[in-house]
Amino acid sequence: GESVGLHLPTLSVQEGDNSIINCAYSNSASDYFIWYKQESGKGPQFIIDIRSNMDKRQGQRVTVLLNKTVKHLSLQIAATQPGDSAVYFCAENRPLNRDDKIIFGKGTRLHILP
Amino acid sequence: EAGVAQSPRYKIIEKRQSVAFWCNPISGHATLYWYQQILGQGPKLLIQFQNNGVVDDSQLPKDRFSAERLKGVDSTLKIQPAKLEDSAVYLCASSAGGPQETQYFGPGTRLLVL
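Overview of the structure. Remember, predicted model here, so these are calculated numbers, not experimental data.

## Focus on the packing of aromatic side chains
Residues and elements named next belong to chain B. With the rule as written, the count across this model stands at eleven aromatic pairs over all chains. When the centroid spacing of 5.0 Å and the interplanar angle of 25° are considered together, the rings of Phe21 and Tyr90 count as stacked. Of this pair, Phe21 sits in strand E3 (residues 19-24) while Tyr90 is found in strand E9 (residues 88-95), placing the two residues 69 residues apart along the sequence. In this pair, the class of Phe21 matches that of Tyr90, namely buried. Note on Phe65 and Tyr90: the rings are 6.4 Å apart at their centroids and 40° apart in plane angle, and the pair reads as tilted. You can see Phe65 sitting in strand E7 (residues 65-68) and its partner Tyr90 sitting in strand E9, a full 25 residues away along the chain. Overall, Tyr90 belongs to the buried group, its relative accessible area being 0%.

## Description of the layout of surface pockets
Approximately 750 Å³ is the volume attributed to the largest pocket. Taken together, 37 residues form the lining of the largest pocket, with Gln38 and Arg109 of chain A together with Gln37, Leu39 and Gly40 of chain B sitting closest to its centre. The element contributing the most residues to the lining of the largest pocket is strand E11 (residues 109-113) of chain B, with four residues. Residues that form the lining of the largest pocket fall into these classes: 16 nonpolar, 15 polar and six charged.

Reading guide: rules and limits
- Residue numbers restart at each chain and count upward from 1, following the sequence in its written direction.
- By the order in which they are written, chains take letters starting at A while ligands take numbers starting at 1.
- Given that this is a predicted model, residues contribute local features only at a pLDDT of at least 70 and side-chain atom pairs are listed and counted only at 80 or more, while totals for whole chains, interfaces and linings are drawn from all residues.
- Note: side-chain values were computed over all heavy atoms of the structure, leaving out hydrogens and water.
- Any Phe, Tyr or Trp ring, taking Trp's six-membered ring, that has another such ring centre within 6.5 Å forms a pair; planes under 30 degrees apart are called stacked, those over 60 apart edge-to-face, and the others tilted.
- In this description a helix means any DSSP run of H or I spanning at least four residues, a strand means any run of E spanning at least two, and both kinds are numbered starting from the N terminus.
- Three exposure classes are used, based on accessible area relative to the maximum for each residue type with a 1.4 Å probe and protein chains only: buried under 20%, partly exposed in between, and exposed over 50%.
- Throughout, the protein atoms alone are placed on a 1 Å grid, and a set of points is a cavity if a 1.4 Å probe fits but cannot get out or a pocket if it is open with protein on both sides within 12 Å along at least five of seven lines; lining residues have an atom within 4 Å of a point.
- Grid points are joined across faces, edges and corners, and a volume is the space filled by probe spheres set on the points.
- Asp, Glu, Lys and Arg are counted as charged, while Ala, Val, Leu, Ile, Met, Phe, Trp, Tyr, Cys and Pro are counted as nonpolar; the rest, among them Gly, fall into the polar class.

Shown next, in the form of structure tokens:
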């Protein structure tokens, strides 16, 4: 069955601190991973992605780490700001026959404390 | 660049009624996706089109859901008849290529079935 996502519904972080959002995946054949941010009333927005031949990728204020040994993915947000408040989803790409399939996890709500 | 457009934004119907959602993807994007997002969960892929052909509809409840993408551009998703458990946000996304290209999501249509 579908099993992307670590069950941690809400993460509260002080403004200015770093945030770390975790995600576990179960399919060792997954070869591509994406983090999305979803604000209330909006569709998911791409943040950063990483392919399975990498273990770290950095963007602007965000870093994604991939540990294939334990099938774990994390999103680090530096200097968290109020605008980072949202639900964050990890998604994995599972090769399926000749096609690929994106599976989303359950999501983590990031709450920024003033 | 215009984003993915969806309409209507909200819809309330009674069970056993029919409903249709419309999506206009980003111009030139070959791949179009319909997702169902139940409150508190990640999006679940219902159907994926490559141009006007179906790539994956394995999670589409075909006894009541149908989708088409005529001329490889706009798409409609229909539910007939609706059930209470169909209450969700229906998200449309598009990408230039397959799932390993960045998916851009529309704002979604929030459906409430009473």
